[in-house]
Amino acid sequence: MYKDKKYIFNSSGWQVSEALQKKAYDALSTIRRKREAKEIPIFSIIDSDLDLKKIINDSKFFTNKKLKDFILIGTGGSSLGADSFIQAHKYRYAQQSISFHILDNLDPNSVDTVFNLIEPFTAKFLAVSKSGKTTETIALLQIVIHWLLSKKINVEESIMVMCEENNDEFQELIEIAKEYNLQIVQHEKIGGRYSALTSTGLLPATERGLDPYVIRKSARDALDNAFKNDDFIIKSAIFSGNLDINNKLNCVISYGDALSPLAAWYKQLWNESLGKDAKGTFLLSGKGSLDQHSQLQMWLDGPNIGNYTFLKVDNKNGYKIPISKVSPWLSGLSLGEILNIMAESTYDALKENGRAVRSISIPEISEESVASLMSMFILEVLVVAELLDVDPYSQNAVEAIKINTFKRLKNYEYNKKVT
């Protein structure tokens, strides 16, 4: 078991061979050396605060006494990191004068719902796409611009765009920004799934009142701590990668609604980084205690082809159950206590059924805890990538789908003109 003020780690149900443990130690040593040589961009960013003044300054674009709604336009890595921080912060500070919304999907009903909730005169938007070519972001941004113009709103004062500008490529997002004279801020030269601790996640977080210095320091401290505790991160990587057993699934169950965005971010980081050359394991996510009623039967009594990670919060918060003769076993307990008991009971049941399980507990849901877990998960993924001998930064299969989608859209446009 590994324990400090940031998180508590427990695990059971798998054997680690000495050969694999040695290989994992060598992989971690390689990553440590690369970090010290500043060869891993995300770690170089985490290890510095030089960019934070600009992030704070850029966030002032959204400073407006009349502002009531902040809307983030972006999908996947462009929004999941920010959502993870903001939801954790919202959990601690329920009273928010400005509402936060995300436009990350092309579902017309979801877009319509956001438009019905906000007022154009008191709303500001941040559109994020590293490549500047993300179909969802481009489509949604143009819808937003048209909506604002129809309401006689000056879009220059309402929309900011974040993108990694590349003069050698045609980037639709940049062209739209230039056409409407929108302010452009630079996306770090780093993959979207790794960018949560950069301006991608920190600019929206700063706008919401979070301190980027605190978030960055929490990430850096957790990273330092993980490198110092070799045994912890090595076992964690071997466990999550299913590297010593013939399993196919990696299931992450989060207990606490504010942890759901973090689990979704982790799922993208894992699957997009490690699913290469027919290697890697599928990372699936579940929500406790909800999915105990829909998936637990399979987890406990189905084929033993996966392992399970529990993300939970060690607190006793929430409404307390009134004293009652009908259910005395619940009387006086808080909702947080009941949720944790259900998590621990599920963990024990899986352990007793011979399933590989681990539990990661944080003292509270906060932006600091989220940043700490992000650092640990990024390091974990990089160690697993070394062990699998895959490139954790490429995503060729995803790029192929993007190209195929673009071709279909062009054909659709042509056919539409012909008819």
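Reference entry: report on the structure contained in this document. In this text the structure is predicted, and so the values were computed from the model without any measurement.

Definitions and cut-offs
Residues numbered from 1 in each chain as written. Predicted model: local features only at pLDDT ≥ 70, side-chain atom pairs only at ≥ 80, totals over all residues. Heavy atoms only, no water. Helix = DSSP H or I, 4+ residues; strand = E, 2+ residues; numbered from the N terminus. Buried < 20%, exposed > 50% of the residue type's maximum accessible area, 1.4 Å probe, protein only. Contact = heavy atoms within 4.5 Å. Areas by Shrake-Rupley, 256 points an atom, 1.4 Å probe, with all protein chains shown as cover. Pairing = 2+ DSSP bridges. Axes fitted to C-alpha atoms, helices over the stretch in contact; angles between N-to-C directions. Core = buried A, V, L, I, M, F, W, Y, C linked by side-chain atoms within 4.5 Å. Parallel < 35°, antiparallel > 145°, perpendicular 65-115°, else oblique. Nonpolar A, V, L, I, M, F, W, Y, C, P; charged D, E, K, R; others polar. Right-handed = clockwise from strand over helix to strand, strands pointing away. Salt bridge = Lys/Arg side-chain N within 4 Å of Asp/Glu carboxyl O. Phe/Tyr/Trp six-rings, centres within 6.5 Å; stacked < 30°, edge-to-face > 60°. Lys NZ or Arg CZ within 6 Å of the ring centre and 35° of its normal.

Some points on the overall build of the chain
Secondary structure assignment for the chain yields 15 helices and eleven strands. For the chain, the proportion of its 419 residues judged to be buried stands at 51%. A separation of at least 24 residues holds for 79% of the contacts in the chain among residues at least 6 apart in sequence. On the chain, roughly 20,600 Å² of surface is accessible, and the fraction owed to carbon and sulfur atoms is 52%.

Observations regarding helix H8 (residues 199–207)
For H8, the buried fraction is high: nine of the nine residues fall into the buried class. All of the buried residues in H8 are Ser-199, Thr-200, Gly-201, Leu-202, Leu-203, Pro-204, Ala-205, Thr-206 and Glu-207. Gly-209 occupies a position one or two residues after H8 and carries a positive phi of about 100°.

Some details on the sheet that holds strand E4 (residues 99–103)
Strand order in this open sheet of five strands is E4-E3-E5-E6-E7, and the pairing throughout is parallel. Here the strands that pair on one side only, and so sit at the sheet edges, are E4 and strand E7 (183–186). Each strand of the sheet is rotated relative to its neighbour by a mean of 20°, with strand direction disregarded. Taken together, the four bridges between strand E5 (residues 123–128) and strand E6 (residues 159–163) define a ladder with parallel strand orientation.

Observations concerning the nonpolar core
Within the largest apolar cluster, 78 residues are counted, with the highest numbers of intra-cluster contacts made by Phe-43, Phe-85, Trp-265 and Leu-379. Excluding residues that lie within four positions of it along the chain, Phe-43 makes contacts with Ile-31, Arg-35, Leu-223, Phe-227, Ile-378, Leu-379 and Leu-382. One finds Phe-115, Ala-123, Phe-125 and Trp-147 within the second-largest nonpolar core, a separate group that totals 27 residues.

Looking at the packing of H8 against helix H9 (residues 212–228)
Any two packed helices are characterised by the angle at which their axes cross and by the distance between the axes. Contact pair H8 / H9: the axes reach a minimum separation of 9 Å and the direction vectors enclose 140°. By the angle between their axes, H8 is oblique relative to H9. Along the contact surface, H8 presents Leu-202, Ala-205 and Thr-206, while H9 presents Pro-212, Ile-215 and Arg-216. Its residues assigned to classes, the contact of H8 with H9 shows four nonpolar, one polar and one charged.

Notes on the pairing of strand E9 (residues 282–288)
Across seven bridges, strand E8 (residues 249–255) lies against E9 in parallel orientation. Of the residues in E9, the one forming a bridge with Tyr-255 is Gly-288. Each parallel crossover has a hand, and the one from E8 via helix H11 (residues 260–274) to E9 is right-handed.

Details of the pattern of salt bridges
Here the structure, examined in full by the defined rule, presents 17 salt bridges. With a closest N to O distance of 2.7 Å, Lys-217 and Asp-221 form a salt bridge. With a gap of four residues between them, Lys-217 and Asp-221 both fall in helix H9, about one helical turn apart. Taking relative accessible area as the criterion, Lys-217 reaches 45% and is therefore assigned partly exposed. Asp-257 is the salt-bridge partner of Lys-287, the closest N and O atoms lying 3.3 Å from each other.

Quick look at the packing of aromatic side chains
For the structure shown, the criterion picks out eleven aromatic pairs. Relative to Phe-310, the ring of Tyr-255 has its centre 5.9 Å away and its plane inclined at 15°; by these criteria the two rings are stacked. Of this pair, Tyr-255 sits in strand E8 while Phe-310 is found in strand E10 (residues 306–313), placing the two residues 55 residues apart along the sequence. Both residues of the pair, Tyr-255 and Phe-310, belong to the buried class. Summarising the aromatic geometry, the rings of Tyr-266 and Trp-270 are spaced 6.3 Å apart at their centres and angled 80° between planes, so their arrangement reads as edge-to-face. Of this pair, Tyr-266 and Trp-270 both sit in helix H11, separated by four residues, roughly a single helical turn. Among the aromatic side chains, those forming a connected cluster through ring pairs are Phe-61, Phe-62, Phe-70 and Phe-100. The ring of Phe-61 has Lys-124 sitting right over it, with the charged end atom 4.8 Å from the ring centre.

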